[in-house]
Amino acid sequence: ELAVINSIQNGMSGSLDFQAIVDLVGDKLRDVLRVTDIGICWFDVPNAQLQFLYTYEHGERLRLQPTALTEASKRFMAKRQPEIYNTAAEQIAAGVGAVDGTDQSLSCVAVPIIGSDRVLGLLSLENYEREYAYGEGELRLLQTVASSMGVALENARLFDETQRLLKETEQRNAELAVINSIQKGMAAELDFQAIIDLVGDKLREVLSTGEIGIRWYDNKSGLVHYLYEYEHGVRLSLPSAPPAVGGAWEHMTRTRMPLVMNSPAEAKAFGIGVVPGTDAGKSSVNVPILSGDRLLGSIVMENYERENAFGESEIRLLSTVASGMGVALENARLFDETQARTRETAALAEVGRDISSTLDLATVMDRIAHHAKDLLRADDSAIFLPEQGGQDFRAIVSIGSVAKEIKDTVVRSGEGIIGDIALRGEAEYVNDTNIDSRGVQIEGTQQQVREPERLMVAPLLAGTTVKGVMAVWRTGGRPFDDSALDFLVGLSRQATVAIENARLFAESQKRANELAAINTVSQQLAGQTDLDALLEGVGEQIRSVFEADVAYIALHDREAGMIEFLYQHGEDFPPMEFGKGLTTKILTSGKPLILNHSLARDACSAGASRGR
């Protein structure tokens, strides 16, 4: 017995691995005692479980699941004494029945494993062939071994605990280093999308993953924007979409907590589907990005190779990073807004100076369009004015990568997003034109659009009258918001002022030209006695003022009953018999006549040449 005990103790003293000590003791006892049925169990008091660390029955090792602590187990821990059951009946009477998956033995001996003044577990032998199989010799040997086991297992447990804490500390330090690196980067960066990219790139590097996404929720549109999305190591450009009903977004909105899906079955049961254009993962984790009590977005990680891929360390790291992101992104947003307000105020003042310094409409419109493109970080900008009739709009200025295509496009009132806004006269932004039912793609640009196309439009309003529309486009990147729309509306007001100023200036110039012409004609009438010279002078003034292609001055020769065309320009007008043509109508009525449509003119002329 002493030799066996010495051998076992030497083996235990050379090992600090918990399960290795258990296996060593069990294997040695099976060998020395020539037994095939032995067990070493552990009392997991915090979880109220009995764990089977080493179990042999009929010479075969069993892998048994933990069971709840029974009254017999609790009694055994309280008594702290060995127990011998000489028959199956004694075992059953004491509440020591067979565990599921095992047979009922005919006799049994169990001794407590004690360490740190408490019962840690038990060491037992069973016999399935005879009753009264165990005596003082077996009991003494088991007690001595169990006593040594208690010290060794307690040391091993403390060593394991120390190693676990050390490993956790090292892991936590590594996580903190990552978090510190990310937070430093975020603190030094005040650009919204740059923060998103920085965090995404760092997480991909640290976690050695090619499957990560950072998503943003637009409260106004109710859409989720995929600002940073990697799958299988390739960056994707996904269109914005509303969150799935009952899915991860609703869960995080309600709980403000991470959501872990350990298998496709769990994801399906939870109502989480596959984002169009991506593959289905075997496990995933969604971590909310919060600012105060407001849910801004989420960090998503997936694993396409295995289930149960994400543990506490990944969730803790992502949660800490997401928490820092919420603060950084809000700071970036506020900084962006402050900077934007400053730039916008300066831009509006500059546009105001442009308007006051020049009355050239094309120049002012060009400057306004440049301001809109630059300050709103747009890819393209354009200003559309109505053509004759007011139902069709064309771009008088277009700046950006598809400027020519925009200028070649006719926007019809009520058709497409821009046409609809022109008809309604209400400014609006659409953060993904691909999913807007009104969307009309500008010809020649579809192939270039891989990310969501964002569009913002403001009508040029004079009172309630739409004088034109102003539009900016952005492909991907940060979605448009209300503050950006407010700035575009401010620019649109300036554009309207410029258009009205140009119109009033043109009207003033026209009126001044008319007055000058009238003054010239009056002077000629007063100072000219030569009829032919007088008519020539008056005719030239009329032609010039009205920019006429064809003009004439006709006089009625009553004696001859003819109409003579004493001044004519653009065509040859021979004398005409009185009573024919529009000229007779005007002479007869003594009233001016305006005809803006050829149909009305033809009706009045009754077939006379050129309607004379």
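For every chain, the first residue of the written sequence is number 1, and numbering continues from 1 along that sequence. Under the rules for a predicted model, residues below a pLDDT of 70 receive no local features and side-chain atom pairs below 80 are neither given nor counted, while totals for whole chains, interfaces and linings still include all residues. Excluding hydrogens and water, the side-chain values take into account all heavy atoms of the structure.

Chemist: How would you explain the overall build of the protein chain if you had to name every residue and give the values?
Modeler: We count a stretch as a helix when DSSP gives it H or I for four or more residues in a row; a strand needs E for two or more, and each element gets its number in order from the N terminus. When helices and strands are counted, the protein chain shows 16 helices and 22 strands. Relative accessibility under 20% of the residue-type maximum defines a buried residue, over 50% an exposed one, and the middle range a partly exposed one, all with a 1.4 Å probe and only protein chains included. Considering the protein chain as a whole, with its 612 residues, one finds that 42% of them fall into the buried category. Residues count as neighbours in contact if any of their non-hydrogen atoms are within 4.5 Å of one another. Expressed as a percentage of contacts within the protein chain between residues at least 6 apart in sequence, the contacts between residues at least 24 apart total 53%. Here the open area of atoms and residues is found with the Shrake-Rupley method and a 1.4 Å probe, where only the protein chains shown may cover a residue. When the accessible surface of the protein chain is totalled, it reaches about 31700 Å², and 51% of it is carbon and sulfur.

Chemist: How would you summarise the nonpolar core if you had to cite specific residues and measurements?
Modeler: One finds Leu29, Ile40, Leu123 and Leu153 to be the most contacted residues of the largest nonpolar core, which totals 29 residues. Secondary structure elements with two or more residues in this core: helix 2 (18–33), strand 1 (38–44), strand 2 (49–57), strand 6 (107–115), strand 7 (118–127) and helix 5 (136–188). Definition of nonpolar core: a set of buried residues of the types Ala, Val, Leu, Ile, Met, Phe, Trp, Tyr and Cys, connected through side-chain atoms within 4.5 Å.

Chemist: Describe in detail helix 10 (residues 361–375), supporting the description with residues and values.
Modeler: Spacing of three or four residues puts side chains on the same side of an α-helix, whose turn is 3.6 residues. How far a helix is expected to stretch is found by multiplying one less than its residue total by 1.5 Å. The terminal C-alpha atoms of helix 10 lie 21 Å apart, and with 15 residues this matches the ideal 21 Å at 1.5 Å per residue to within 8%. If you check which residues of helix 10 are buried, you get Val364, Met365, Ile368, Ala369, His371, Ala372 and Leu375. In a view along the axis of helix 10, the buried residues occupy a sector of 155 degrees, so they form one face of it. Residues of helix 10 that are exposed and point over 90 degrees away from its buried face: Ala362 and Asp374. Just past helix 10, the residue Arg377 takes up positive phi, approximately 50 degrees. By definition, the arc is the one covered by directions from the helix axis to the C-beta atoms.

Chemist: So what's going on with the pattern of salt bridges? Which residues, and what values?
Modeler: Whenever Lys or Arg places a side-chain nitrogen within 4 Å of a carboxyl oxygen from Asp or Glu, that contact is recorded as a salt bridge. Under the criterion given, the structure shown has 18 salt bridges. Here Glu229 makes a salt bridge to Arg215, at a shortest N to O gap of 2.6 Å. Pair noted here: Glu229 is in strand 9 (residues 223–231) and Arg215 is in strand 8 (residues 212–218), with a separation of 14 residues, a long-range link. As a salt-bridge pair, Glu428 and Arg424 come within 2.7 Å of each other at their nearest N and O atoms. Connected via shared salt-bridge partners are Asp420, Arg424, Glu426, Glu428, Asp436 and Arg438.

Chemist: Could you give an account of the packing of aromatic side chains, with specific residues and numbers?
Modeler: Stacked, edge-to-face and tilted labels apply to pairs of Phe, Tyr and Trp rings (six-membered ring for Trp) whose centres lie within 6.5 Å, assigned for plane angles under 30 degrees, over 60, and everything in between, in that order. Across all of its chains, the model carries seven aromatic pairs by this definition. On the basis of an interplanar angle of 40 degrees and a centroid distance of 5.2 Å, the ring pair of Tyr54 and Tyr56 is categorised as tilted. With relative accessibility at 0%, the residue Tyr54 sits in the buried group. Each ring, one from Tyr552 and one from Phe565, has its centre 4.9 Å from the other, and the planes form 85 degrees; the classification is edge-to-face.

Read these as spatial facts, not as claims about activity.
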